2 protein chains.
Amino acid sequence: MKRKSFLKKVAIASAIAPIALTTSCRSEEAESGAPNIQTSKKYRWKMLTTWPPKFPVLGEGAELFSKLVSEMSAGRLEIKVFGGGELVPALEAFDAVSAGMAECSSSAAYYWAGKSPAFQFFATVPFGMNAQQVNAWLKGGGGQKLWDELYANYNLKPFAFGNSGVQAGGWYNREINSIADFKGLKMRIPGLGGKVLEKAGGTAVLSAGGEIYTNLERGVIDATEWIGPYHDYKMGFHKIAKYCYFPGWHEPGTVLELFINKKKLESLPTDLQRIVEGAAAIVHDWVLAEFDAQNGIYLQKMKEEGNMEFRQFPDEVLQQMRTFANEVVTEVADANPMSKKIFESYDKFRKQITPWSNMTEKAFYNQLQQ
Amino acid sequence: MKRKSFLKKVAIASAIAPIALTTSCRSEEAESGAPNIQTSKKYRWKMLTTWPPKFPVLGEGAELFSKLVSEMSAGRLEIKVFGGGELVPALEAFDAVSAGMAECSSSAAYYWAGKSPAFQFFATVPFGMNAQQVNAWLKGGGGQKLWDELYANYNLKPFAFGNSGVQAGGWYNREINSIADFKGLKMRIPGLGGKVLEKAGGTAVLSAGGEIYTNLERGVIDATEWIGPYHDYKMGFHKIAKYCYFPGWHEPGTVLELFINKKKLESLPTDLQRIVEGAAAIVHDWVLAEFDAQNGIYLQKMKEEGNMEFRQFPDEVLQQMRTFANEVVTEVADANPMSKKIFESYDKFRKQITPWSNMTEKAFYNQLQQ
């Protein structure tokens, strides 16, 4: 069966007789007339992810979510997690969940930038907000409402599902002492980061995860970004690259996401809808904590085992890259009215929180931290 | 159909034809005697707080928790929230919940330092970790396990319930240009911050919230700390103090807490226990986001309306205060074996995460933020 016609059939089947998909088995309370009372009706969901099965932190987060939902719902909502490619190709997760072929997926919004550049703001933008700031925008500054609005166009409801924190700046076999050193640099760097690199004279190369190591080792690429010490250590980059540069200007606080087919979510009883939110919040909180804890440990391991140097990008290089990044982000904002509207909210919040961040968190790192 | 044989069939079916599962949402399992199935038994809980009723962010967080638990449990667990003093005096919340007079309370662990100085590490310590770091310690570095162990001695189970972020450094009617300016300074500052101030030659004064404004206005005290722009604005300090100093060395990332009577929690069905965790995680996430968003707004309002200056503590003043703070924290750590054990975990984690924080979040504020 062709995929499209399959998706269509599934969609039709769901639309016509969603109830028939489950049999309902009501407990005494179900008859008591309380508005949101749970029934013992069971739901079986499929959750896609855009990373390999059991991928550290991110894949583990999806499994944790499934476990929590099962426990919180006393087994009324069971979610089976699939690694990227197990059920549909990783980058088809969005369309598959939108069409109802699976009920939900964990991912990062920049994978869907091909649909609209507006998606970028819900993952990360070069020289944009960090984890704490972007979370304040989403939860306290109206960001979530815009995210809901954007995803509703695709029959999806998004939830923040963790953050990577500021990422590593990448593995380089070339020193970066001035902006001129990016000229001719072949770097594996997707998305907006790649566009910024190209403005600086480099070439953004796309490689699947499994090919990066060999490409870097053989000189097919001069540099690559990945995530941070925990994941990068497992990739072995510290064994073949000369320099690891910091900070990751291209991903200063990448939001991970959970998105759920909106109709499927809304067809759940209210208590299960809220349970999904609660389980997502536990994962959201855990992901950044786990990234930080493991990155601290693996940074030390790399220092002990790696035959390479950690380097900080020079200030003037970052100042010039920021100029290029602003051009790229302006192009994103100007792409369409929704992208503009989201950018304006993001940018206004960033400008409002920055003076506060500087007096507190920035001062913490510069003056308080021991 | 028995559950095991059903699962086996599903597993086989998935391997052969995962697609077929899309329309199967089985309910037979409801009869299978799953261990944690919810009953229709209702629970009514009382929740204390250590702040005034409807107190911005913190009191609102308690109300949000109650609402979420009610929704997630479909009304099976209803929690009535009481402001500090409404049911028992605010600072008796710990003993009241420990004894089972109320089922839970929101608070901050440093209020209970009189029981053991070890409690301080689960709120904040002067020149200690910030919100992101302490959360990584709790969730990814073993901190929660120690917190559980400490509170189990009092028949309580603690959960992180938000963070204030780095607080404001306080409202001063005296300039702080050198450490000597703390000599003779009468400041309303409780806890460890007060002990550090006294080592610097100042006098730590305790005032109830309602008396601080008048005491500062009349010169009974020379300075006071409170929280940050959002709460401080409502107190009106910007109208009567000359300077607001930053950053808040005494509270670099105060963890708020929810603690629950352990026996009452464990007497809930497993699904309700997990629901409580999920609701707490939503509040935990929201509190810091709301603090940040509102503090950004109220900082601007103060700048527009206040007849006062924002000042940054000089580096050398903070370096000296840090020395005093280390003496104070050492006294806390040496107080008893449990305090020592917690300090060692906290301090080891801090040392491990600091190089990572410096390469990422610190570099973000210094080099990336626009």
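Just so you know, these numbers come straight off a predicted model, no measurement behind them. The numbers attached to residues start from 1 for each chain and follow its sequence in the written order. Working convention: letters from A go to chains and numbers from 1 go to ligands, in the order in which they are written. Whole-chain, interface and lining totals are the exception, using all residues; otherwise, since this is a predicted model, local features are given only for residues with pLDDT of at least 70 and side-chain atom pairs are given and counted only at 80 or more. Side-chain measures here rest on the full set of heavy atoms in the structure, leaving out hydrogens and waters.

A.B. asks: Can you walk me through the relation of the copies chain B and chain A in this structure?
C.D. replies: The pair of chain copies shares a relation made of a rotation about an axis and a shift along it. The copies were overlaid with a least-squares fit restricted to C-alpha atoms from residues scoring a pLDDT of at least 70 in each copy. After a rotation of 180° and a shift along the axis of 0.0 Å, chain B superposes on chain A with an RMSD of 0.0 Å. Between the two chains, the operation in question is that of a two-fold axis. For chain B, the minimum C-alpha distance to the rotation axis belongs to G278 of chain B and amounts to 2.1 Å. Contacts are residue-level and defined by heavy atoms, with any inter-residue pair within 4.5 Å sufficient. Comparing interface residues between copies, 90% of those in chain B also lie at the interface in chain A; the contact surface is shared.

A.B. asks: It is not clear to me how the confidence of the model for chain A should be interpreted in this structure. Could you clarify?
C.D. replies: Any region with low pLDDT has predicted coordinates that should not be read closely. Residue and element names in this part refer to chain A. The pLDDT averaged across chain A works out to 90; a share of 89% of its residues lies at or above 70. Below pLDDT 50 for its whole length, residues 1-38 participates in 56 contacts with residues either more than four positions away or in separate chains. The ipTM value of the predicted complex is 0.90, and its pTM value is 0.90. pLDDT: the predictor's confidence for each residue, scored from 0 to 100.

A.B. asks: Would you mind showing me how to read helix 6 (residues 191-199) of chain A here?
C.D. replies: Given 3.6 residues per turn, any residue in an α-helix points the same way as the ones three and four places further on. Accessibility here uses a 1.4 Å probe with only protein chains present; expressed as a share of the type maximum, an area under 20% marks a residue as buried, one over 50% as exposed, and anything in between as partly exposed. Labels follow the DSSP assignment, with helices taken as runs of H or I lasting at least four residues and strands as runs of E lasting at least two, numbered in each case from the N terminus. Regarding helix 6 of chain A, the residues found buried are L192, G193, G194, V196 and L197 of chain A. Following helix 6 of chain A by one or two positions, G201 of chain A adopts a phi angle in the positive range, close to 100°.

A.B. asks: Can you walk me through the sheet that holds strand 5 (residues 170-172) of chain A in this structure?
C.D. replies: Strands pair in a sheet through their backbones, by hydrogen bonds, and they do so in one of two ways: parallel or antiparallel. Should DSSP find at least two bridges between two strands, the strands are regarded as paired. Pairing is mixed across the open sheet formed by six strands, whose spatial order is 7-6-8-5-9-11 (chain A). Here the strands that pair on one side only, and so sit at the sheet edges, are strand 7 (203-205) and strand 11 (309-312) of chain A.

A.B. asks: Before we go on, may I ask you to explain the sheet that holds strand 1 (residues 43-49) of chain B in this structure?
C.D. replies: All names here are of chain B. Spatial strand order, 2-1-3-10-4: five strands in an open sheet with mixed pairing. Where the open sheet ends on each side, the last strands, each with one partner, are strand 2 (77-82) and strand 4 (156-163). Each neighbouring strand pair of the sheet contributes to a mean axis angle of 25°, computed without reference to strand direction. Bridge count between strand 3 (residues 104-107) and strand 10 (residues 255-261): four bridges; the pairing is antiparallel. Its bridge partner being in strand 10, C104 is matched across the sheet by I260. Across the face of the sheet, helix 4 (residues 131-140) comes into contact with strand 4 and strand 10 while running at roughly 155° to strand 4. Fitting a line to C-alpha atoms yields each axis, with helices limited to the stretch in contact; the angle taken between N-to-C directions then spans 0 to 180 degrees. Where helix 5 (residues 143-152) meets the sheet, its contacts fall on strand 4 and strand 10, and the angle it forms with strand 4 comes to roughly 130°.

A.B. asks: So what exactly am I meant to see when it comes to helix 11 (residues 270-305) of chain A here?
C.D. replies: A rise of 1.5 Å per residue sets the reference length of helix 11 of chain A, with its 36 residues, at 52 Å; its end C-alpha atoms lie 51 Å apart and thus fit the reference within 8%. A large share of helix 11 of chain A lies buried, amounting to 27 of its 36 residues. A helix is expected to reach a length of 1.5 Å times the quantity of its residues less one.

A.B. asks: So what exactly am I meant to see when it comes to the interface of chain B and chain A here?
C.D. replies: Many structure descriptions define interface size as the accessible area lost when the parts assemble. Contact with chain B, which involves 97 residues of that partner, is made by 96 residues of chain A. Throughout, buried area stands for the accessible area (probe radius 1.4 Å) lost by two parts on being put together, summed over both. Buried surface at the junction of chain B and chain A, summed over both partners, amounts to about 8400 Å²; 57% is from carbon and sulfur atoms. If you sort the residues of chain B by the area they bury against chain A, W356, Q367 and Q370 of chain B come out on top, with a joint share of 10%. Note on definitions: salt bridges are taken to be side-chain nitrogens of Lys or Arg within 4 Å of carboxyl oxygens of Asp or Glu. Along the contact surface separating chain B from chain A lie four salt bridges. Of the charged contacts in the structure, one is a salt bridge between E71 of chain A and R274 of chain B, with a shortest N-O distance of 2.6 Å.

A.B. asks: When you look at the packing of aromatic side chains in this model, what are you seeing that I'm missing?
C.D. replies: In this description, an aromatic ring pair is defined by two values, namely the gap between the centres and the angle between the planes. Residue and element names in this part refer to chain A. Two rings from Phe, Tyr or Trp (for Trp, the six-membered ring) form a pair when their centres are within 6.5 Å of each other. A pair whose planes differ by under 30 degrees is stacked, one over 60 is edge-to-face, and the rest are tilted. If you walk through the whole model with that rule in mind, you get 59 aromatic pairs over all chains. Where Y233 meets Y298, the ring centres are 5.1 Å apart and the plane angle is 65°; that geometry is what we call edge-to-face. Residue Y233 is found in helix 8 (residues 229-235), and its partner Y298 is found in helix 11; the two are separated by 65 residues along the sequence. With centroids separated by 6.2 Å and ring planes inclined at 55°, the aromatic side chains of Y243 and Y245 adopt a geometry described as tilted. Each of the two residues, Y243 as well as Y245, counts as buried. When the NZ atom of lysine or the CZ atom of arginine is within 6 Å of a ring's centre and also within 35 degrees of its normal, the charge is said to sit over that ring. Residue placement shows K80 over the ring face of F82; its charged tip is 5.2 Å from the ring centre.

A.B. asks: Honestly, the pairing of strand 2 of chain B in this entry has me stumped. Any pointers?
C.D. replies: Within a regular strand, the side chains alternate between the two sheet faces. Residue and element names in this part refer to chain B. Of the pairings in the sheet, the one linking strand 1 to strand 2 comprises six bridges and is parallel in character. Residue L48 lies in a different strand from strand 2, and its bridge partner there is F82. Crossover handedness for the path strand 1 to helix 2 (residues 58-72) to strand 2: right-handed. Handedness rule for crossovers: strands pointing away from the viewer, path from the first strand over the helix to the second running clockwise, crossover right-handed.

A.B. asks: Honestly, the side chain of S345 of chain B in this entry has me stumped. Any pointers?
C.D. replies: Residue and element names in this part refer to chain B. Its place among the elements puts S345 in helix 13 (residues 337-368). By relative accessible area, which is 18% here, S345 ends up buried. For S345, the contacting residues outside a window of four places in its chain are W137, G141 and L146.

A.B. asks: Could you clarify how one ought to interpret the pattern of salt bridges in this entry?
C.D. replies: A side chain with one charge can pair with a side chain of the opposite charge if their charged atoms come near. All names here are of chain A. Enumeration according to the criterion identifies 40 salt bridges over all chains in this entry. Between K115 and D95 there is a salt bridge, with the nearest N and O atoms lying 2.8 Å from each other. You can see K115 sitting in the loop between strand 3 (104-107) and helix 4 (131-140) and its partner D95 sitting in helix 3 (residues 93-98), a full 20 residues away along the chain. By relative accessible area, which is 35% here, K115 ends up partly exposed. A relative accessible area of 35% places D95 in the partly exposed class.

A.B. asks: Whenever I open this one, empty space enclosed by the protein confuses me. Can you help?
C.D. replies: Taking a probe equal in size to a water molecule and rolling it over the atoms shows the remaining empty space. A 1.4 Å probe that fits into a set of points on a 1 Å grid over the protein atoms alone but cannot get out defines a cavity; an open set with protein on both sides within 12 Å along at least five of seven lines defines a pocket, and lining residues are those with an atom within 4 Å of a point. Grid points are joined across faces, edges and corners, and a volume is the space filled by probe spheres set on the points. The final tally for this structure, using the stated rule, is four cavities of 30 Å³ or more. As a volume, the largest cavity reaches approximately 360 Å³. What lines the largest cavity is a set of 21 residues, and nearest its centre among them are N135 and L288 of chain A together with N135, D285 and L288 of chain B. Of all the elements in the fold, those that place two or more residues in the lining of the largest cavity are helix 4, strand 4 (156-163) and helix 11 of chain A together with helix 4 and helix 11 (270-305) of chain B. Considering every element that reaches the lining of the largest cavity, the biggest residue donor is helix 4 of chain A, with six residues. Only Asp, Glu, Lys and Arg are considered charged in this grouping, and only Ala, Val, Leu, Ile, Met, Phe, Trp, Tyr, Cys and Pro are considered nonpolar; every other residue, Gly among them, is considered polar. Its residues assigned to classes, the lining of the largest cavity comprises 10 nonpolar, nine polar and two charged.

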